[in-house]
Amino acid sequence: MLDFHIPTLDDKPWIDDIFDGTEYFGCFCSFATLWLWKERYFTEVARLGDCLLIRGADDRNNVYYMYPMGKRYDIREAVTVLRDDAAKNGVRMMIYCAEKWQCDELIHAFPGEFAFDEQRGDFDYIYRSQNLIDLGGKKFHAKRNHISKFIRSCPDWQYEDICASNAGECIEFASALLEKTAPDRNAEEMFELRMENSAIADALRNFDTLGLTGGLLRVGGRIIALTIGEPLNSRVFVTHFEKADTDYDGAYAMINNQFAKNRLTSYEYINREEDMDDEGLRKAKLSYYPDILLEKFCAEEIDIGFRRERE
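Position labels on residues start from 1 in each chain and follow its written sequence. Where local features are concerned, this predicted model is filtered to residues with pLDDT of at least 70; where side-chain atom pairs are given and counted, the filter is 80 or more; whole-chain, interface and lining totals use all residues. Excluding hydrogens and water, the side-chain figures rest on all heavy atoms present in the structure.

Before going further, it helps to spend a moment on empty space enclosed by the protein. It is the rolling of a water-molecule-sized probe over the atoms that shows where space remains empty. A cavity here means a set of points on a 1 Å grid, drawn over the protein atoms and nothing else, where a 1.4 Å probe fits but cannot get out; a pocket is an open set with protein on both sides within 12 Å along at least five of seven lines, and a residue lines either one if it has an atom within 4 Å of a point. Grid points are joined across faces, edges and corners, and a volume is the space filled by probe spheres set on the points. Inspection of every chain in the model, using the stated rule, returns three cavities of 30 Å³ or more. By volume, the largest cavity amounts to about 70 Å³. Throughout this entry, Asp, Glu, Lys and Arg are counted as charged residues, while Ala, Val, Leu, Ile, Met, Phe, Trp, Tyr, Cys and Pro are counted as nonpolar. The remaining residues, Gly among them, count as polar. When grouped by side-chain class, the residues that make up the lining of the largest cavity number six nonpolar, two polar and two charged. Taken as a whole, the second largest cavity spans an internal volume of roughly 40 Å³. Along the walls of the second largest cavity sit Thr227, Thr239, Glu242, Ile255, Asn256, Phe259, Ala260, Leu264, Ile270 and Arg272, which together make up its complete lining. A run of DSSP states H or I qualifies as a helix once it reaches four residues; a run of E qualifies as a strand once it reaches two. Both are numbered from the N-terminal end. Listing elements by their share of the lining of the second largest cavity, those giving two or more residues are strand S10 (236-244) and helix H9 (251-263).

Written out as C-alpha cells, the structure reads:
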C-alpha cells in the first residue's frame, strides 16, 4: 500500500537518492522544492521502489499527480498505481507538468488513454550560465545599462554569500519587502506573496540542511536584494527565489549577475523557473533570452471509468 504523506526533512535522504544520477532540467525535481511548497500545493510524497510519486491538490481541493520520477521505474506500474489512487479519491487522473518526453512515454505505454493540454504558465525558463555571467552582445545592452546605473548610484554596494550568520537578516529583509509592497496588491496577490515569504523563511532557517546556495547585495550595510537556489544536478542550477528592493534601480539585474558570477560558473544551465501566467514576470524572464523554454503539459485520463483488467 502506498504511504502518501506530507514530506518532512526525514524524507530528504531517500528522495535525494532517487534524484541522484538523474539529469532532470525541471524546477520541480528536487526535495527542497517539494518541501518548501508543501503547504501551498498540499504536497504529499510516496515511494514505489526506486520511484518517487507526488500527489497534490489545487485551491478547489482537486487531487492531481506529478509525473513519476527517478532513475529506474516501470511507467505502466507507476501510472496504474496512481490511477488506482485517483479512483479512491473519486477524481479523474491528472498528471501536471509533464515534459514532452514524458508525454511521449505515457502515449507509448497507454495509447489513446490520455489527452494533453499545454501549460504555458508552467514552462521553465532555462539559460546558459555563461550568458547570464557575461551579458555580452547587443541583446543584453539594457541589462548592462541597469547594472552600470546601479553601480553609479550605489558605489558602496557589496555582494555576500548567504550563510548561517546572515540568514536571520535575510528573513527580516524579505518580510519587510513584502509589507512594503502590500498596499499595491490585491487579496489574491497578497496570499501568494505571503506563501512565498513563508517558503523563503523556511528555506533560510533550513539553509544547510536543504543544501541551498544563495547570495545577497548590501548598500550602506543593509540588504537590498537576495537570491536562493540549489543544484538539480552537475549541469543545472535552479533559482528558487529572487527578491530586490526596487527603490534601487538595477538591483534585480545586479543580484542576478553577481550571483551567477560568484557561485554558478561550474553549471552549464540556470533554470529560473516558471512565470505562472504573470505577464510582468513573463516579460522579465523573456528579457534574458532563455536558451530553453521547457514545455510542460497536463495529461488527463480520457475515460475515468476505464480500468485495466487484472488477473
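Here, strands pair whenever DSSP counts at least two bridges between them. An order of S7-S8-S9-S10-S11-S6-S12 is seen for the seven strands of this open sheet, with the pairing classed as mixed. Bordering the open sheet on either side are strand S7 (158-161) and strand S12 (292-294), each of which pairs with just one other strand. Averaged over neighbouring strand pairs, the angle between their axes works out to 25 degrees when direction is ignored. Where strand S9 (residues 222-231) lies against S10, seven bridges are found, and the strand directions are antiparallel. Paired with Ala225 across the bridge in S10 is Ala244. Note on contacts: a residue pair qualifies if any of its non-hydrogen atoms lie within 4.5 Å across the two residues. An axis is simply a line fitted to the C-alpha atoms; with a helix, the fit covers only the stretch in contact. Between two such axes, the angle follows the N-to-C directions and lies from 0 to 180 degrees. The strands touched by helix H7 (residues 164-181) within the sheet are S7, strand S8 (213-219), S9 and S10, with S9 carrying the most contacts at an inclination of about 110 degrees.

This part is about the confidence of the model for the protein chain. Looking at the protein chain, the pLDDT average stands at 95 and 97% of residues meet or exceed 70. Confidence drops under pLDDT 50 across residues 306-311; counting only partners more than four residues distant or on other chains, this segment forms twelve contacts. pLDDT measures the predictor's confidence residue by residue and takes values from 0 up to 100.

Here we take up the sheet that holds strand S1 (residues 44-48). With mixed pairing, the six strands of this open sheet are ordered in space as S1-S2-S3-S4-S13-S5. Pairing within the sheet leaves two strands with one partner each, and these edge strands are S1 and strand S5 (114-118). Each neighbouring strand pair of the sheet contributes to a mean axis angle of 30 degrees, computed without reference to strand direction. Two elements, S1 and strand S2 (residues 51-57), share five bridges in a ladder whose sense is antiparallel. Within the sheet, the bridge partner assigned to Arg47 lies in S2 and is Leu52.

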